Amino acid sequence: ETGVTQSPTHLIKTRGQQVTLRCSSQSGHNTVSWYQQALGQGPQFIFQYYREEENGRGNFPPRFSGLQFPNYSSELNVNALELDDSALYLCASSPRNSPLHFGNGTRLTVT
Amino acid sequence: GQQVMQIPQYQHVQEGEDFTTYCNSSTTLSNIQWYKQRPGGHPVFLIQLVKSGEVKKQKRLTFQFGEAKKNSSLHITATQTTDVGTYFCAAGSNQGGKLIFGQGTELSVKP
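Residues numbered from 1 in each chain as written. Chains lettered and ligands numbered in written order. Predicted model: local features only at pLDDT ≥ 70, side-chain atom pairs only at ≥ 80, totals over all residues. Heavy atoms only, no water.

Enquirer: Just checking my understanding: could you explain the overall build of chain A for this structure?
Expert: Tallying secondary structure elements over chain A gives zero helices and 11 strands in all. Mapped in sequence order, the helices and strands of chain A form the string β-β-β-β-β-β-β-β-β-β-β. Here chain A has a C-alpha radius of gyration of 13 Å; the compact-globule value for 111 residues is 13 Å, and the two agree. A principal-axis box enclosing the C-alpha atoms of chain A has dimensions of 40 × 25 × 25 Å. Across the 111 residues of chain A, 50% fall into the buried class. (Helix = DSSP H or I, 4+ residues; strand = E, 2+ residues; numbered from the N terminus. Rg over C-alpha atoms; globule rule 2.2 N^0.38 Å. Buried < 20%, exposed > 50% of the residue type's maximum accessible area, 1.4 Å probe, protein only.)

Printed below as a string of structure tokens:
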């Protein structure tokens, strides 16, 4: 059974640029959630996708957007990067309404 | 919005000592989940509590959900160096699978 995989593992971008992060769900999981974790903090919910539709959104601006594909993999897109967007971005998959299985995350640094 | 407060922020113990972290909410929670994140790693699901007054055990770990479903605790008996990491509680919500994480308690264990 393959776990949740995220790519890339690390990324450095410049303020104002755009970034796309990718996530492959664990086999059999139809729900994917994205979280932002700043250093020393708990993960903050960005949004969740279920069957290719957004199923809930946290307090993040519209420049944070996402997609879920028919194979349940997902992308997180962030436009107009700001310095405060520097964080660990975690993808988590699960069967619907079940505990989360997190990937190893993508460490994004914005300079 | 709903918040989950977790204390203490840090705990340093000698190997063999006990450890407890507490999670509190001002509102009634539908459920509470606990996750462990090792240094440099990703959160790993430990357990979910749903019922008022529920107590669950996993070897040396004891999880409790308060009678009013507003607080929870994780107690580790006789800590080992393998217990090192940050322990997060996370409250389920009605908003599309959103989990609200506490700030975490970072546990260090001195051999």
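Enquirer: What exactly am I supposed to notice about the sheet that holds strand β1 (residues 4-7) of chain B here?
Expert: All names here are of chain B. Read across the open sheet, the five strands follow the order β1-β3-β8-β7-β6; overall the sheet is antiparallel. Each of the sheet's edge strands pairs with one partner strand only, and the pair in question is β1 and β6 (55-58). Put simply, the sheet's adjacent strands are angled 15° from each other on average, direction ignored. Two elements, strand β7 (residues 61-65) and strand β8 (residues 71-76), share five bridges in a ladder whose sense is antiparallel. Paired with F65 across the strands is S72, a residue of β8. (Pairing = 2+ DSSP bridges. Axes fitted to C-alpha atoms, helices over the stretch in contact; angles between N-to-C directions.)

Enquirer: Sorry if this is basic, but what is going on with the pattern of salt bridges here?
Expert: Two side chains of opposite charge can pair, provided their charged atoms sit close to one another. All names here are of chain A. Counting across every chain of the model gives six salt bridges over all chains. The partner of R57 in a salt bridge is E54, and the shortest N-O contact between them spans 3.4 Å. A relative accessible area of 27% means that R57 is categorised as partly exposed. Exposure remark for E54: the relative accessible area of 40% places this residue in the partly exposed category. For E82, the salt bridge is made with R63, and the minimal N-O distance between the two is 3.3 Å. Remark: R63 occurs in the loop between β6 (53-57) and β7 (64-68) and E82 occurs in the loop between β8 (74-78) and β9 (87-94); sequence separation between them is 19 residues. Judged by its relative accessible area of 16%, R63 is buried. A single network of salt bridges, built from pairs that share partners, joins R63, E82 and D85. (Salt bridge = Lys/Arg side-chain N within 4 Å of Asp/Glu carboxyl O.)

Enquirer: Would you mind showing me how to read the state of the cysteines here?
Expert: Chemically, a disulfide is nothing more than a covalent bond linking the sulfur atoms of two cysteines. In this structure the tally under the stated criterion is two disulfides over all chains. Here C23(A) is linked by a disulfide to C91(A), with a sulfur-sulfur distance of 1.9 Å. Negative torsions about the S-S bond denote left-handed disulfides, and the value of about -65° found for C23(A) with C91(A) makes this one left-handed. With C23(A) in strand β3 (residues 19-24) and C91(A) in strand β9, the pair connects residues that are 68 residues apart, well separated along the chain. Among the residues examined, C23(A) registers a relative accessible area of 2% and is labelled buried. Residue class for C91(A) comes out buried when judged on its relative accessible area of 0%. Covalent S-S linkage joins C23(B) and C89(B), the inter-sulfur distance amounting to 2.0 Å. (Disulfide = S-S within 2.5 Å.)

Enquirer: What is the right way to read unusual backbone geometry from this model?
Expert: Keep in mind that most residues, glycine aside, have a negative phi and that most peptide bonds are trans. Of the consecutive residues S7(A) and P8(A), the connecting peptide bond is found in the cis state with omega at -10°. With respect to the helices and strands, the residue P8(A) is situated in the loop between β1 (5-7) and β2 (10-13). In the segment running from I7(B) into P8(B), the intervening peptide bond is cis, with an omega of -5°. Of note in this structure, R51(A) is not a glycine but carries a positive phi near 50°. R51(A) gets classed as exposed once you look at its relative accessible area, which sits at 55%. Phi angles above zero are rare outside glycine, and A80(A) is one such case at about 45°. Judged by relative accessible area, A80(A) falls into the partly exposed class, the value being 41%.

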